[in-house]
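Descriptive analysis of the structure
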Amino acid sequence: MAEINSMQAYGRSAKPDYTSYVEYLESLGWRRSQIVLDEKNTRIVTLTGGPVGNTTAVIDVRCPAGQKMSIMGTQQVPAGQDFNTAHALRVRLAGTTDQEISPLTKIRITKEKTTEDLVQLARPFYQDVSITKQRIAAVGTQLGHQFKTSSEYYRFTQGIELNGEEHWFLYVVGESPTGGPILPDIQIDTTHIKFALEVDLWTS
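In short, a report on the structure.

Conventions and cut-offs
- Residues numbered from 1 in each chain as written.
- Predicted model: local features only at pLDDT ≥ 70, side-chain atom pairs only at ≥ 80, totals over all residues.
- Heavy atoms only, no water.
- Helix = DSSP H or I, 4+ residues; strand = E, 2+ residues; numbered from the N terminus.
- Contact = heavy atoms within 4.5 Å.
- Phe/Tyr/Trp six-rings, centres within 6.5 Å; stacked < 30°, edge-to-face > 60°.
- Buried < 20%, exposed > 50% of the residue type's maximum accessible area, 1.4 Å probe, protein only.
- Lys NZ or Arg CZ within 6 Å of the ring centre and 35° of its normal.

Some remarks on the environment of Asp 189
Of note, Asp 189 is situated in the loop between β12 (167-173) and β13 (193-203). Separated by 94 residues in the primary sequence, Asp 189 and Gly 95 have C-alpha atoms spaced 4.8 Å apart. If sequence neighbours within four positions are ignored, Asp 189 has contacts with Ala 94, Gly 95 and Thr 96.

Here we look at the packing of aromatic side chains
Summed over all chains, the structure comprises four aromatic pairs. Geometrically, the ring pair formed by Tyr 18 and Tyr 21 is tilted, given 5.5 Å between the ring centres and 35° between the ring planes. One end of the pair, Tyr 18, and the other, Tyr 21, are both in helix α2 (residues 18-27), three residues apart, so they sit about a helical turn from each other. Both residues of the pair, Tyr 18 and Tyr 21, belong to the buried class. A centroid spacing of 5.7 Å and a plane angle of 45° characterise the contact between Phe 169 and Tyr 171, whose relative ring orientation is tilted. The structure contains a cluster of three or more aromatic residues connected by ring pairs, namely Tyr 18, Tyr 21 and Trp 202. For the cation-ring pair, Lys 68 lies above Trp 30, with the distance from its terminal atom to the ring centre recorded as 5.3 Å. Above the ring of Tyr 171, the side-chain terminus of Arg 108 is found at 4.6 Å from the ring centroid.

If you want it as structure tokens, here you go:
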């Protein structure tokens, strides 16, 4: 996303880091709350299950009217600070048996206000955004998992800014090639969608 990198985002005395962006918004009277959005934030988060082989917007985060949301990318980490201070995303998408979709399922993350006003933010694989590091041998009747540590969570390269009524969408991208594999390979169940997205919520 270009907003946080642009001169317009900071005014004339732009600096290429997130601290400068925060200082600029605060100078305009905006107040920041540092939060972690998840599937329980039902007032601004909508989850949608999806069938095998279909493209579906499984996670929809709507920025409330009159507010802003910002996500610090790795390019905005201030000099001298740890890379892991950039805001992180982790996701878990599974079916009714709690089996996750294939790690090779393609993911598309966008910022949208209307169908004509759409910005592509990232196109990773599910294995990149998934909180699962690897699947291990079954334990009893349950699949075992090894989960990523904080340093392995997905982080955006560029910063993202959402203004009131803009949406952040995470899509699974359907693929049905002749001969397969058909992806996503599991029918995603809404009650088995879990995610955490670190953001700053701004109120003027």
